[in-house]
Amino acid sequence: MLIRVRKASEVKPSEITARRVYEARRNFLKIATGAALSAAGVSLFGVPAAHAGTKLSNLGKSRYSTTEPVNSLQDITSYNNFYEFGVEKEEPAQMAKNFVTTPWSIAVEGEVAKPAVYQLEDFIKPHALEERIYRLRCVEAWSMVIPWVGIPLADIIKRLQPTSKAKYVEFVTLHDPARMPGQKRSVLPWPYREGLRMDEAMHPLAILAVGLYGEVLPNQNGAPIRLVVPWKYGFKNIKSIVKLRFVEQQPATTWAVQGPREYGFFANVNPDVDHPRWTQSKERRIGEFLKRKTLKFNGYEEEVASLYAGMDLAKFY
Amino acid sequence: MAIKFDVARYGKPVLFIVCLLPLLWLAYKAFFMGLGANPIEKISRYTGDWTLRLLLITLAVTPLRILAGVSLVKYRRMLGLFTFFYVCLHFFNWLVIDNFFDVDSMLKDVIKHPYVTVGFAAFVLLIPLAVTSTNAMIKRLGKNWKRLHQAVYAIALLGVVHYLWLVKADNREPLIYVAILVALLGVRVWDQTRRKVALRSARAVAT
């Protein structure tokens, strides 16, 4: 029989801090230091702490921006689908008010030269910020025009050096029900996941947005960093990203898991392929009275149609 | 001296005003606070919610009598007509404001999309009930009046299904409506079975 004799110097099991306790403690420290530093207007990296309303300067213009009238900041920040902060459109603005996004780290995993965890500042710093005024078409048949500030996703991916095995990139939202109260109910299978085929991710229209209206991204719009792929339905534009994983197989994406008959992996805006329960041929632009016709690929057909040449878009919806 | 509320005299006028309050609140919000980024959707949701609530309240009159012995049957017609009033607001918001008489696309909507189909059917079926709600019509239809108005059970079912089928992922709220409807109908079924049993045993004793 084996009897374990404890050395005097050994830590007793009762003295080990329970995982739950130390995680809570760490979280508290993270939030407390983050809040203290951002209150002082600094971050760990000496650049201004990112909170909504902070002006972003030296923004480049882009030829991809639309010249259509832009929706008001009020509309863009008060009508949000962000189930992590409640299922009603007005809820995220309220529920995300105290969401602390500093510090924020992003894990890069999978088929990539150097898997690593980056602080958000380091992740963004090598790139110039651009303004991109894009149409956003929600799968619920409403749309807006939004002046994002972001970085071309292609530039970031090139820097991360995915291997030749990387065929898709998967994005994951933060999963922390204490900070994202909507996750306390299993309305969707948390954490939210999205994905793009590599050629889609490398398309110049795809950006990671960190700002809106020339200022740091408001919490309810997916702070501190979110995807924007304007030719796809809104739900592809995953918010509050904490992980990028380069993978060989097509990743399972949240809405396609939730309702595979209604939401697909590609989710390209397409007036000819209806949602099984409502039409996608028209949309209401927020602020307008009459509905307008929905455009194929949300009006970005010229730029992106070649990505899907030969594909049956009714089948790969 | 206690001031007594004359229910017989003021009951109906008070209920009338109470039933108008949701609409007045919506109008107040529209004028003074705005209805948010998508007011048309807001009006649709709001009037739809109140249609279902009033419909369930109307259907609660009988269970309330069975369970608590409180008869509000003389208010039931007004509750039913207010249900119809809110469904009309809901329907005309869809017809006029949401689609601006785009009949072609609305017809497609009714035919192709089951949640619209059932909602539209519920609305159409409510029309004859509203039309036959007058005393003269009750008299004229006799026994058939009751038969006709039993359609309200089917209408209620269509109404809650309409709501259940339109939500994207979070079906908690529509399921609450379903549960209430099932409970209200359950009380009726339970009561009728109980009565049948009582009647049978009474007959058995008599013979």
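These numbers were taken from a predicted model, which means no experiment stands behind them.

Calculation criteria
- Each chain has its residues counted from 1, following the order in which its sequence is written.
- Each chain gets a letter, beginning with A, and each ligand a number, beginning with 1, in the order they are written.
- Thresholds applied to this predicted model are a pLDDT of at least 70 for local features of residues and 80 or more for the giving and counting of side-chain atom pairs; totals over whole chains, interfaces and linings are not thresholded and use all residues.
- Only DSSP runs of H or I covering at least 4 residues are called helices, and only runs of E covering at least 2 are called strands; the numbering of each starts at the N terminus.
- Neighbour density around each residue's C-beta defines its exposure: 20 or more other C-beta atoms within 10 Å make it buried, 12 or fewer make it exposed, and counts between make it partly exposed, where C-beta atoms are placed from the backbone.
- Two residues form a contact once the distance between their C-beta atoms, set from the backbone, is within 7 Å.
- As used here, a nonpolar core is made of buried Ala, Val, Leu, Ile, Met, Phe, Trp, Tyr and Cys residues. They are joined through C-beta atoms within 7 Å.
- The predictor attaches a confidence to each residue, called pLDDT, with possible values from 0 through 100.
- Two strands are said to pair when DSSP picks up at least two bridges between them.
- Orientation is described by lines fitted to C-alpha atoms, with helices fitted over the stretch in contact, and by angles between N-to-C directions that extend from 0 to 180 degrees.
- Here is the rule for angles: anything less than 35 degrees is roughly parallel, anything more than 145 is roughly antiparallel, 65 through 115 is roughly perpendicular, and the remaining ranges are oblique.
- Crossing handedness is defined as follows: a turn of the near helix away from the far one that is anticlockwise and smaller than a right angle gives a left-handed crossing, while the clockwise case is right-handed.
- In this classification, the charged set is Asp, Glu, Lys and Arg, the nonpolar set is Ala, Val, Leu, Ile, Met, Phe, Trp, Tyr, Cys and Pro, and all remaining amino acids, among them Gly, are polar.

Q: Please explain the overall build of chain B as it appears in this structure.
A: When its secondary structure is counted, chain B shows 10 helices and zero strands. Counting from the amino terminus, chain B carries its helices and strands in the arrangement α-α-α-α-α-α-α-α-α-α. In terms of principal-axis extent, the alpha carbons of chain B reach across some 70 × 55 × 40 Å. When burial is assessed residue by residue, chain B has 22% of its 207 residues classed as buried. Sequence separation of at least 24 residues holds for 67% of the intrachain contacts in chain B that already meet a minimum separation of 6.

Q: I'm lost on the overall build of chain A in this one. Help?
A: Scanning chain A from N- to C-terminus turns up eight helices and 12 strands. Evaluated residue by residue, chain A yields a buried proportion of 40% over its 317 residues. Considering only residue pairs separated by 6 or more positions, chain A has 70% of its internal contacts joining residues 24 or more positions apart.

Q: It is not clear to me how the nonpolar core should be interpreted in this structure. Could you clarify?
A: Within soluble globular proteins, side chains that are nonpolar generally end up buried alongside one another. If you look at the biggest cluster of nonpolar residues, it comprises 73 residues, and the most contacted ones within it are Ile 146, Trp 148, Val 169, Ile 207, Leu 208, Ala 209 and Val 210 of chain A. In terms of residue count, the dominant contributor to this core is strand S4 (residues 142–152) of chain A (seven residues). Discounting residues that sit within four places of it in the chain, Trp 148 of chain A has contacts with Arg 132, Tyr 134, Ile 207, Ala 209, Gly 211, Leu 212 and Val 228 of chain A. Of all hydrophobic cores here, the second largest spans 30 residues; its members include Ile 43, Trp 50, Leu 52 and Tyr 177 of chain B.

Q: Sorry if this is basic, but what is going on with the confidence of the model for chain B here?
A: A low pLDDT means the predicted coordinates there should not be read in detail. Per-residue confidence for chain B gives a mean pLDDT of 93; residues scoring 70 or more make up 98%. Of all the helices and strands in chain B, helix H5 (residues 103–112) of chain B carries the lowest mean pLDDT, 90, while helix H2 (residues 39–59) of chain B carries the highest, 97.

Q: How should I be thinking about the pairing of strand S11 (residues 282–285) of chain A in this particular structure?
A: On a regular strand, one side chain projects to one face of the sheet and the next to the other, so that they alternate. All names here are of chain A. Strand direction decides the pairing type here: S4 and S11, joined by two bridges, are parallel. Residue Ser 143 lies in a different strand from S11, and its bridge partner there is Arg 285. Bridge analysis of S11 against strand S12 (residues 292–293) gives two bridges, and the strand direction is antiparallel. Residue pairing for S12: Lys 282 is matched across the bridge by Lys 293. Between S11 and S12, which pair antiparallel and follow one another directly, the connecting turn spans six residues, one of which, Gly 287, has a positive phi of 100 degrees.

Q: I'm lost on unusual backbone geometry in this one. Help?
A: For residues besides glycine, phi is generally negative; the peptide bonds are generally trans as well. All names here are of chain A. In this structure, the amide linkage connecting Thr 102 to the following residue, Pro 103, adopts the cis form with an omega of -5 degrees. Note that Pro 103 resides in the loop between helix H3 (91–95) and strand S1 (105–110). Residues Trp 190 and Pro 191 are joined by a peptide bond in cis, for which omega reads -5 degrees. Turning to its location among the elements, Pro 191 is positioned in the loop between strand S5 (168–173) and strand S6 (193–197). Phi angles above zero are rare outside glycine, and Asn 58 is one such case at about 55 degrees. Examined against the element boundaries, Asn 58 turns out to sit in the loop between helix H1 (19–39) and helix H2 (73–78). Located in the positive-phi region is Asn 298, a residue other than glycine, with phi close to 55 degrees.

Q: When you look at the packing of helix H6 (residues 114–131) of chain B against helix H9 (residues 151–166) of chain B in this model, what are you seeing that I'm missing?
A: Residues and elements named next belong to chain B. Between H6 and H9, the shortest axis-to-axis distance is 8 Å and the interhelical angle comes to 155 degrees. The orientation of H6 with respect to H9, classified from their angle, is roughly antiparallel. Here H6 runs over H9; the crossing is left-handed. On the side of H6, the interface is formed by Pro 114, Tyr 115, Val 118, Gly 119, Ala 121, Ala 122, Leu 125, Leu 126 and Leu 129, while H9 contributes Ala 151, Val 152, Ala 154, Ile 155, Leu 158, Gly 159, Val 161, His 162, Trp 165 and Leu 166. Here the contact of H6 with H9 is composed, by residue class, of 16 nonpolar, three polar and no charged.

Q: Just to check I follow, could you spell out the packing of H2 of chain B against H9 of chain B for this structure?
A: Two packed helices can be described by the angle between their axes and the distance between those axes. Residues and elements named next belong to chain B. The interhelical angle for the contact between H2 and H9, taken along N-to-C directions, is 145 degrees, at an axis separation of 11 Å. Here the hand of the crossing between H2 and H9 comes out left-handed. Residue-level inspection shows Gly 48, Thr 51, Leu 52, Leu 55 and Leu 59 of H2 in contact with H9, the latter providing Val 152, Ala 156, Gly 159, Val 160 and Tyr 163. For the contact of H2 with H9, the residue count by class is seven nonpolar, three polar and no charged.

Q: Help me understand the sheet that holds strand S2 (residues 116–119) of chain A in this model?
A: Two strands in a sheet stick together by hydrogen bonds in their backbones, pointing the same way (parallel) or opposite ways (antiparallel). All names here are of chain A. Taken together, the five strands give an open sheet; going across it, the order is S2-S1-S10-S5-S6, and neighbouring strands pair in mixed fashion. Lying at the two open borders of the sheet, with one neighbouring strand each, are S2 and S6. In this sheet, adjacent strand axes meet at a mean angle of 20 degrees when their direction is disregarded. Relative to S6, S5 is paired through five bridges, and the arrangement is antiparallel.

Q: Looking at this model, I keep getting lost on the environment of Pro 189 of chain A. Mind explaining?
A: All names here are of chain A. Mapped onto the elements, Pro 189 comes out in the loop between S5 and S6. With 12 C-beta atoms counted inside 10 Å, the residue Pro 189 sits in the exposed group. Taking the C-alpha atoms as reference, Pro 189 lies 8.8 Å from Trp 255; in sequence the two are 66 residues apart.

Q: Is there a simple way to explain the interface of chain B and chain A in this structure?
A: For interface size, the figure often reported is the accessible area lost on association. Taken together, the 12 residues of chain B in the interface contact 15 residues of chain A. With three residues, the single largest contributor to the side of chain B that touches chain A is H5 of chain B. The residue inventory of the side of chain B that touches chain A, partitioned by class, reads five nonpolar, four polar and three charged.

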